[in-house]
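# Survey of secondary and tertiary structure
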Number of protein chains: 2
Amino acid sequence: MSNAWQEDVQAAVAAGIRISDQHIVDKVRRAVLTQRLPPGTRLPEVTLGEVFGVSRSVVRKALTRLAADHVVDQRPNQVARVRAPSIEETRETFAARRLVEGEVVALLAGQLDDAAQLALEQEAQREIEAHRRGDEPARIEHSLALHHRLAELSPNRVLGAMLTDLILRTSIVIALYKRPSLASCYLDGDHPRLLTQLRAGEPERAREVVDEHLRALENLLDLGPRETETDLMAILGRPSPAEA
Amino acid sequence: MSNAWQEDVQAAVAAGIRISDQHIVDKVRRAVLTQRLPPGTRLPEVTLGEVFGVSRSVVRKALTRLAADHVVDQRPNQVARVRAPSIEETRETFAARRLVEGEVVALLAGQLDDAAQLALEQEAQREIEAHRRGDEPARIEHSLALHHRLAELSPNRVLGAMLTDLILRTSIVIALYKRPSLASCYLDGDHPRLLTQLRAGEPERAREVVDEHLRALENLLDLGPRETETDLMAILGRPSPAEA
DNA sequence: GAAGTCATTTTTGTATACAATGAATCGACG
DNA sequence: CGTCGATTCATTGTATACAAAAATGACTTC
């Protein structure tokens, strides 16, 4: 529990910044996203409280909100843990994101003002540069920022909020299931290609580009079938017909 | 604050049923859905605590979760209130639900086993009967149950959970914006038509039926531009022509 | 009479104490 | 030696006390 993560937080506390449940939510979310808090990590209330310099009341509210955001598992009488979505849920999350982000970019195609379009292209450009110089954390940062901006720009705010949630959840599972052999989950040209379609104002082409992009991303992951508790239960629970 | 709603709850408490934050969430959600707690209603923590016979700790957790579910507004240092989504948000919620529920039924078409299909048809039948005898609460109950079952049956659980959320939110705004002249928001034949397509296994037809159903439902609402505070200002500022 | 200001009250924010639950450890027994 | 069981420890669940903030209302002043 005493890792680099603590230092950031304690620095912030020392700097006199007011800590509220929102701060804790943000910090933990970021830490999970960047895998400084790997899935399964225990998050005891008192420990978190000490780290942030607040009491359990505040921590509890933060954990409840993180549970609503699918970032942590909060089960009765048990310590909260960083959630580790299953392979199946990972596939389903990607499918949901394809649907929602596809719709968002279809709505957005041809509707962006110059400032918004430029901001998106800037993020794409910076992602490319970060990739060129091999700065993977920066690349992820800009890639996330681009998608996050799309969610914010969505004319349908309900869909936008749903997309924000799905971006977070896919990021978590990407960190979780990334093939160790791959240095990066960078898909060359995908983001610029999307921006071209957005500028051209072709909703269905934009939707297709997003769909392909997310499918390619999912294929970069190692989602081979893996043993889960439930499968084991099913197998051990009821004897097979051959067993009598 | 002393309405029929309290009685139900106090009965439950008296019956010795254990009250937890989940119970409070359920109860409030139901009460909001059935408009026993109309939008804007103040939900002070102590009052709620007294009603349910628990302390503020439990109530607070429930309110936080209800806020995450978009049922209540929880703003710092202010009493939580039942949320009243704007007209714009209502339209966006319907659009989101068309997208998600359309996808869910497309996934479901031709994939339902007999038990599931039968359960759905039973709900549809009961809705029709309730409508025939003019029992609107029962009709709503069965209509909601049908859609809720679709969400549960979704092979993609992530989409299913999103749909559950959207069903709740649309129900709230239907109660909020229903034309007073209409006795019911019943659309004759829509649900049986959907079930036919599900059984026939035609994903795209099922998607279309859902899309049309939800558009028709939205059109039953009174979503004309309404006075917000600013509009009120404008109206009260200048007397109407007939008023002199 | 209207507007601003200050005290009062209501309500939420936070910390903490105690109860209850679950996990872990150690020991006894087969 | 392994397994079952009870005790101990760690951790969450709940209630409550106090602090801080916002809403209310009365009062003063112009």
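Criteria and cut-off values
Residues numbered from 1 in each chain as written. Chains lettered and ligands numbered in written order. Predicted model: local features only at pLDDT ≥ 70, side-chain atom pairs only at ≥ 80, totals over all residues. Heavy atoms only, no water. Least-squares fit on C-alpha atoms with pLDDT ≥ 70 in both. Contact = heavy atoms within 4.5 Å. Near = heavy atom within 4 Å. Polar contact = N/O pair within 3.5 Å; in protein donor to acceptor, adjacent residues only side chain to side chain. Helix = DSSP H or I, 4+ residues; strand = E, 2+ residues; numbered from the N terminus. Nonpolar A, V, L, I, M, F, W, Y, C, P; charged D, E, K, R; others polar. Buried < 20%, exposed > 50% of the residue type's maximum accessible area, 1.4 Å probe, protein only. Domains from an automatic or database assignment. Buried area = accessible area lost by both parts, 1.4 Å probe. Salt bridge = Lys/Arg side-chain N within 4 Å of Asp/Glu carboxyl O. pLDDT = per-residue confidence, 0-100. 1 Å grid on protein atoms, 1.4 Å probe; cavity = no way out; pocket = protein on both sides within 12 Å on 5 of 7 lines; lining within 4 Å. Points joined across faces, edges and corners; volume = space filled by probe spheres on them. Axes fitted to C-alpha atoms, helices over the stretch in contact; angles between N-to-C directions. Parallel < 35°, antiparallel > 145°, perpendicular 65-115°, else oblique. Left-handed = near helix turned anticlockwise from the far one by under 90°.

Looking at an unreviewed UniProt entry, one finds chain A named GntR family transcriptional regulator, with Halomonas heilongjiangensis as its source organism.

Here we come to the relation of the copies chain A and chain B. The operation relating the pair of chain copies consists of a rotation about an axis and a translation along that axis. Between chain A and chain B, which share one sequence, the superposing operator has a rotation angle of 180° and an axial displacement of 0.0 Å; the RMSD is 0.1 Å. This pairing of chains is accounted for by a two-fold axis. A share of 100% of the interface residues of chain A reappears at the interface of chain B, consistent with the copies meeting face to face through the same patch.

Let's shift gears to the protein's contact with DNA strand D. Taken together, 16 residues lie near DNA strand D, and Arg42, Arg56 and Arg60 of chain A together with Ser55 and Ser57 of chain B sit nearest. In DNA strand D, atoms within 4 Å of the protein come from the sugar-phosphate backbone in 64% of cases. The backbone of Glu45 of chain A places a nitrogen or oxygen atom 3.1 Å from a phosphate oxygen of DNA strand D. At a separation of 2.7 Å, a phosphate oxygen of DNA strand D approaches a polar backbone atom of Ser55 of chain B. At the level of secondary structure, the elements contributing two or more residues to the surface near DNA strand D comprise α4 (56–68) of chain A together with α4 (56–68) of chain B. With three residues, α4 of chain B is the single largest residue contributor to the surface near DNA strand D. Counted by class, the surface near DNA strand D contains five nonpolar, six polar and five charged residues.

This paragraph deals with the side chain of Glu89 of chain A. The topology assignment puts Glu89 of chain A in helix α5 (residues 87–108). Residue Glu89 of chain A is classed as buried on the basis of its relative accessible area, which comes to 17%. Not counting residues up to four positions away in its chain, the partners in contact with Glu89 of chain A are Arg83 and Arg169 of chain A together with Val158 of chain B.

Bringing the domain arrangement of chain A into the picture now. Many structure descriptions define interface size as the accessible area lost when the parts assemble. Residues and elements named next belong to chain A. We note that the domain assignment places domain 1 (4–82) and domain 2 (87–219) within chain A. A straight line from the C-alpha centre of domain 1 to that of domain 2 covers 27 Å. Listed per partner, the contact involves nine residues of domain 1 and nine residues of domain 2. Of the roughly 790 Å² buried between domain 1 and domain 2, counting both surfaces, carbon and sulfur atoms make up 67%. Taken together, domain 1 and domain 2 are joined by one salt bridge. A salt bridge links Arg30 to Glu141; the nearest nitrogen and oxygen atoms lie 2.9 Å apart. Linking domain 1 with domain 2 are three residue pairs in polar contact (both at pLDDT 80 or more), by the criterion used here. A per-class count over the side of domain 1 that touches domain 2 returns four nonpolar, two polar and three charged.

Let's shift gears to the protein's contact with DNA strand C. If you check the shell around DNA strand C, you find 15 residues, and the closest are Ser55 and Ser57 of chain A together with Glu45, Arg56 and Arg60 of chain B. For DNA strand C, the fraction of protein-proximal atoms (within 4 Å) that sit in sugar or phosphate groups is 62%. Measuring from a sugar or linking oxygen of DNA strand C, one finds a side-chain N or O atom of Asn77 of chain A at 3.3 Å. Between a phosphate oxygen of DNA strand C and a main-chain N or O atom of Glu45 of chain B, the distance comes to 3.1 Å. Contributing elements (two or more residues each) for the surface near DNA strand C: α4 of chain A together with α4 of chain B.

Scored by pLDDT, chain A has a mean of 87; 84% of the residues are at 70 or more. Below a pLDDT of 50 lies the segment residues 235–244 of chain A, which in the model reaches one contact outside its immediate sequence neighbourhood of four places, other chains included.

Here the focus is the environment of Leu144 of chain B. Residue and element names in this part refer to chain B. With respect to the helices, strands and loops of the structure, Leu144 is situated in helix α7 (residues 136–153). Leu144 gets classed as partly exposed once you look at its relative accessible area, which sits at 23%. For Leu144 and Ser171, which are 27 residues apart along the polypeptide, the C-alpha to C-alpha distance reads 8.4 Å. In contact with Leu144, not counting residues within four places along its chain, are Leu33, Ile167 and Ser171.

What follows is about empty space enclosed by the protein. Residue and element names in this part refer to chain A. Per the stated rule, a full pass over the model turns up four cavities of 30 Å³ or more. Computed from the structure, the largest cavity encloses a volume of approximately 50 Å³. His70, Arg83, Pro85, Glu89, Thr93, Arg169, Ile172 and Val173 are the residues that line the largest cavity. Mapped by element, the contributors of at least two residues to the lining of the largest cavity are α5 and α8 (157–177). Top element by residues in the lining of the largest cavity is α8. It accounts for three residues. In the lining of the largest cavity, the residues fall into three nonpolar, two polar and three charged.

Residues and elements named next belong to chain B. Scanning the model with the defined rule gives 45 salt bridges over all chains in all. We note a salt bridge from Glu89 to Arg83, for which the minimum N-O separation is 2.2 Å. By sharing partners, the salt bridges in this structure join Arg91, Arg98, Asp211, Arg215 and Glu218 into a single network.

Here the focus is the interface of chain A and chain B. Contacts between the two partners involve 21 residues from chain A and, on the opposite side, 21 residues from chain B. Interface of chain A and chain B: buried area, both sides summed, is about 1600 Å²; carbon and sulfur atoms make up 71% of it. Scanning the region where chain A abuts chain B turns up zero salt bridges. Summed over the shared surface of chain A and chain B, the number is four residue pairs in polar contact (both at pLDDT 80 or more). Taken together, the elements giving at least two residues each to the side of chain A that touches chain B come down to α4, α5 and α8 of chain A. By residue number, the principal contributor to the side of chain A that touches chain B is α5 of chain A, which donates eight residues. Among the residues forming the side of chain A that touches chain B, the class breakdown is ten nonpolar, four polar and seven charged.

Let us now look at the packing of α8 of chain A against helix α8 (residues 157–177) of chain B. In contact at an axis separation of 13 Å, α8 of chain A and α8 of chain B are set at 155° when each is read in the N-to-C sense. Relative to α8 of chain B, the element α8 of chain A lies roughly antiparallel. α8 of chain A and α8 of chain B meet at a crossing whose hand is right-handed. Contacts between α8 of chain A and α8 of chain B pair Val158, Met162, Leu166 and Arg169 of chain A from the former with Val158, Met162, Leu166 and Arg169 of chain B from the latter. Considered class by class, the residues forming the contact of α8 of chain A with α8 of chain B number six nonpolar, no polar and two charged.

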